[in-house]
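The primary structure of each chain is shown beneath.
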Amino acid sequence: MAKCKTDCIERPLSLAFEKLGRVVGKHPCVFILLALYVAAALGVGFIFLQDREANDIEDQFTPVNGPAKLERAIVVENFPQSEEFSQLRLSSEGTYASLIITDLRGENILTEAAFNDIIELDGRVKNITSGNTFENICAKTKGRCMSNAILDIINYNAAEIISLNIKYPMNNDMFLGTTIGGVELKPDSSELTSAKAVRLFYFLDEKKTKENLYWLDGFLKLLSNYKEQKTVHVSYFTSISRQNEFETNSDSVIPLFAATYFLAINISILSCLRLDCVRTKVWVAAFGVVSAGMAVLASFGLLLFCGMPFAMTVATAPFLILGVGVDDMFIMISCWQKTEVHKDVELRLAETYKEAGVSITITTLTDVLAFYIGLMTPFRSVQSFCMYTSTALLFCYLFNITFFGACLALNCRREKGNRHWLTCMKVPEATGDGGGCCVGGAYDKNTHKEFEMPMDSFFKNYYGPFLTRVWVKALVCLVYAGYLAVSIYGCFQMQEGLDLKHLATDGSYVGSYYDQEDEFFSAFGPNVMLVIKDEDFQYWNSTARKSLDLCLENFQNLTVADSGISPISWLNAYVEAQNAGLNIDNETQFKSHLTAFLNLSGFSQDVNFTDNQIHASRMFIQTVNIRTAIDEKNMLDAFREIAEKCGKLQTPVDLIVYHPAFIYFDQYAVIITNTIQNLVVATCAMLVISLLLIPNPLCSLWVTFAIASVIVGVAGFMALWDVSLDSVSMINLVICIGFSVDFSAHISYAYVSSEKSSTNEKAMDAINKLGYPIVQGAVSTIAGVVVLAAATSYIFRTFFKIMFLVILFGAAHGIVFIPVFLTFLGTCRNSHEKNKQNPPQRVNAVVIQNQWSDDPDCY
């Protein structure tokens, strides 16, 4: 049944490709010009590149429908921005500039000399006049620019820093946890004795967008040219810095494109090079690389025409397409070399297409399917990458069977005339497996085909027999056990989430600022907003208030909350203020005095009280010790869990938790589940394809095993290679499924299709047919991405690291692990071996299954 299904798919496709090969071989110039025209016409779409660029970090690297985005919408709706600025109550990060100032020698920053420099620098920042003065565009409270607490405490007098007794983290109702870092306190006291860092903020009025940009640019120019003072070191950052640095990331890889194509052309030529000046495939190899480049041009141009956003992650796709395209080129060349040299061009190309067409269709299908499954992810950066890459792979496939096939036909005409590869002048025919600069055109007189490549002989005469020895098999099993053990260990070391500093290039001032922030200001985390969104909640009801108090107590009891700092609660303050003579349990009295209290107490921004109804209100809980991505994930999960429990109390409190940072923390909630979902769906899809491809269900399960094994290996080793599981690495884990199938499915099929009698002989036969093509494909793909190792961007280096692991482990499974494991499986036989009693059926089976060349994809 499996064999019948395979024939039903394979036979019509083979015949269709045979006919296409004849047409391309007869009219090669038409197909070359047509492909060039299509690529050029669609390539015009690049004029829209600048308009289609999608580099917004929040939009591209956070879940599309993340809970925090919905929570932010509720906050913005109920608490519109007030004229009175409050950093605590911002629904976004705000528009600001920031400085982290440390002592040059890493000692106490709370010295008079240091604060003289700090005050002097503060003055220079406030005197920036790029388009406007700081005084005119600053965020104001009570008509004055928002100031820095530490400078207010010393009244801008550096000498005061020594004489004053400053409490930490609360000093006279001022919270200093985000202002002073790396602190030491007196024993059993909250009094500061020393600190390592001071942070200053300069918030701007968000409504003045254009003026703010000018001022922030001026700030960056000032600090980039700022010379170190005698006592302090300064790190700086602005609200636009992360985005600016991210947008320059793609520029850092542009010089690498030229290096990649130069490397790919050279590897392709060397791989196809022969000493025979006629049979060498120099031009064919070069045009194979050109074909991959045309695929990128046409596919990207088409999607840009269609308005598809171009995320920065897409900049890595051309490197991958080049590797895959060159791999398909090797497949077609390998199949071409198995045709008889004296046949007509049309017939040779028809036979090549019949052999290679189905196989490159299957590998293209598996790769494209893997990428289209990636569209299921909630990250736009992944969706954009998968759409551009899958479309480019389809164009790569189309140009291979048109443009590149036509180039093969023209090259065949040159070979048929026994012409030199460079001069196209006729040369004398060589005899034997040799050649030179003046003679060529040698071929095997017995088979009428080109001579074998030396690497084919190596796999046939040396590697195959070596791998099937008993002690080598035992060693392979031992190595695999070690590989699996290290991989599983690595999986348990996996870190989640994309660190925002990795969006900047190496050596950027953004990275320096984040490092200082992590070192000195991680003792206190976000001040989380608790929003009661229930319009019907009865704040004047003592039972309801007890429920709310219990809810707040549960938040305060969390390990990530600071129980020493009371929640900022307008309701608690109102209850305390109205104890004298008022019955706050009465709705009318509760509401009648509320407006006056809110205006006098500074809580007016915390209650949406309109039309004599409280539509929503908010309170705040301070978090602590949020130092790592795991801490961020645990904190977010804990707060949302308590919020859910509050809604299930006897008197429910319907609330949400929010902080602007939660927009980015949301990735932790979906990254693992979404990655697993994509991998499972893709693996199941590949299993179906392998069942159609390999006429033996048990061997199809081996393919699925190989996919799972490669995924575990890549996931484990990437964690050990300091790569986190984020939206960038998620892309590559999906990629590894397609490549795993490319390597493992064909070796399994070759084993099943072999006519040899013993398992060892079948394994050697499969290795003989597939060893060199697998190595060629692996080397060409790695060559396509290896230059990214030199990129200054984490995103591009991550792409290289994971692609390197994918290809390395995939190839290792294809030519080492799977052949050995298949020898242990005596039942994995071809269908004709099980039906020797029926010779006619056997002949029909062999006709299809023995159409193999030296390439993994020629069958």
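This one's a predicted model, so the numbers in the text were calculated from it and none came from an experiment.

Trainee: Explain the pairing of strand S15 (residues 607-610) to me, using residue names and the numbers behind them.
Mentor: Moving residue by residue along a regular strand, the side chains alternate between the two faces of the sheet. Here S15 runs beside strand S16 (residues 613-624); their pairing, made up of four bridges, is antiparallel. Bridge pairing links Val607 to Ser617 in S16. Adjacent in sequence and paired antiparallel, S15 and S16 are bridged by two residues, among which Asp611 carries a positive phi angle near 55°.

Trainee: Explain the sheet that holds strand S11 (residues 232-238) residue by residue, including any values.
Mentor: Strands belonging to one sheet form pairs held by backbone hydrogen bonds; the direction of such a pair is parallel or antiparallel. Strand order in the open sheet formed by four strands is S7-S10-S2-S11, with antiparallel pairing between adjacent strands. The outermost strands of the open sheet, each flanked by one partner alone, are strand S7 (180-181) and S11. Contacting strand S2 (95-103), S7, strand S10 (197-204) and S11, helix H19 (residues 509-520) crosses the sheet at an angle of about 110° to S11.

Trainee: Give a detailed account of the state of the cysteines, specifying residues and quantitative values.
Mentor: Counted under the stated rule, the structure contains two disulfides. Disulfide pairing is shown between Cys138 and Cys145; the S-S distance is 1.8 Å. With the S-S dihedral at roughly -75°, the linkage between Cys138 and Cys145 falls on the left-handed side. Accessibility expressed as a relative area gives 3% for Cys138, which makes it buried. By relative accessible area, Cys145 is classed as buried at 17%. Here Cys551 pairs with Cys646 through a disulfide, and the sulfurs are 1.8 Å apart. Across the disulfide from Cys551 to Cys646, rotation about the S-S bond amounts to roughly 100°, and the bridge is consequently right-handed. In this pair, Cys551 is assigned in helix H20 (residues 542-556) and Cys646 in helix H24 (residues 629-646), connecting sequence segments 95 residues apart. The exposure classification of Cys551 matches that of Cys646, with both residues buried. The structure places no disulfide on Cys29, whose sulfur is separated from the nearest cysteine sulfur, that of Cys407, by 9.8 Å. Since its relative accessible area comes to 44%, Cys29 is described here as partly exposed.

Trainee: I'd like a description of a nonpolar patch on the surface, backed by residues and values.
Mentor: On the surface, a nonpolar cluster with roughly 520 Å² of combined accessible area is contributed by Phe466, Trp471, Leu475, Leu478 and Val479. Here the nonpolar patch gets four residues from one element, more than from any other, and that element is helix H18 (residues 470-492). Relative to the assigned elements, Val479 resides in helix H18.

Trainee: So, the packing of helix H17 (residues 454-467) against helix H28 (residues 759-785): which residues are in play, and what are the values?
Mentor: Two numbers describe how H17 lies on H28: the axes approach to 8 Å, and their chain directions differ by 125°. By the criterion of interaxial angle, the relationship of H17 to H28 is oblique. When the axes of H17 and H28 are compared, the crossing they make is right-handed. Facing Met455, Asp456, Phe459, Lys460, Tyr463, Gly464, Pro465 and Leu467 of H17, the residues of H28 in contact are Met764, Ile767, Asn768, Gly771, Tyr772 and Val775. For the contact of H17 with H28, the residue count by class is nine nonpolar, three polar and two charged.

Trainee: Quick rundown of the packing of aromatic side chains? Include the residues and the values.
Mentor: On inspection of all chains with the given rule, the structure shows 52 aromatic pairs. Connected via pairs of aromatic rings, a cluster forms that spans Phe85, Tyr96, Phe201, Phe203, Phe237, Tyr513 and Tyr514. The ring of Tyr751 has Lys762 sitting right over it, with the charged end atom 5.3 Å from the ring centre.

Trainee: Describe in detail H18, supporting the description with residues and values.
Mentor: Here H18 is 23 residues long and its end C-alpha atoms lie 34 Å apart, about the 33 Å a rise of 1.5 Å per residue gives. Turning to H18, its buried residues are Val472, Lys473, Val476, Tyr480, Tyr483, Ser487 and Gly490.

Trainee: Talk me through the environment of Leu369; I want residue IDs and the actual numbers.
Mentor: Position of Leu369 among the secondary structure elements: in helix H15 (residues 345-373). Discounting chain neighbours no more than four positions away, the residues touching Leu369 are Ala685, Met686 and Ile689.

Rules behind the numbers
- Residues numbered from 1 in each chain as written.
- Predicted model: local features only at pLDDT ≥ 70, side-chain atom pairs only at ≥ 80, totals over all residues.
- Heavy atoms only, no water.
- Pairing = 2+ DSSP bridges.
- Helix = DSSP H or I, 4+ residues; strand = E, 2+ residues; numbered from the N terminus.
- Contact = heavy atoms within 4.5 Å.
- Axes fitted to C-alpha atoms, helices over the stretch in contact; angles between N-to-C directions.
- Disulfide = S-S within 2.5 Å.
- Buried < 20%, exposed > 50% of the residue type's maximum accessible area, 1.4 Å probe, protein only.
- Patch = residues over 30% accessible without salt bridge, like charges linked within 9 Å, V, L, I, M, F, W, Y side chains within 5 Å.
- Areas by Shrake-Rupley, 256 points an atom, 1.4 Å probe, with all protein chains shown as cover.
- Salt bridge = Lys/Arg side-chain N within 4 Å of Asp/Glu carboxyl O.
- Parallel < 35°, antiparallel > 145°, perpendicular 65-115°, else oblique.
- Left-handed = near helix turned anticlockwise from the far one by under 90°.
- Nonpolar A, V, L, I, M, F, W, Y, C, P; charged D, E, K, R; others polar.
- Phe/Tyr/Trp six-rings, centres within 6.5 Å; stacked < 30°, edge-to-face > 60°.
- Lys NZ or Arg CZ within 6 Å of the ring centre and 35° of its normal.
- Expected span 1.5 Å × (residues − 1).

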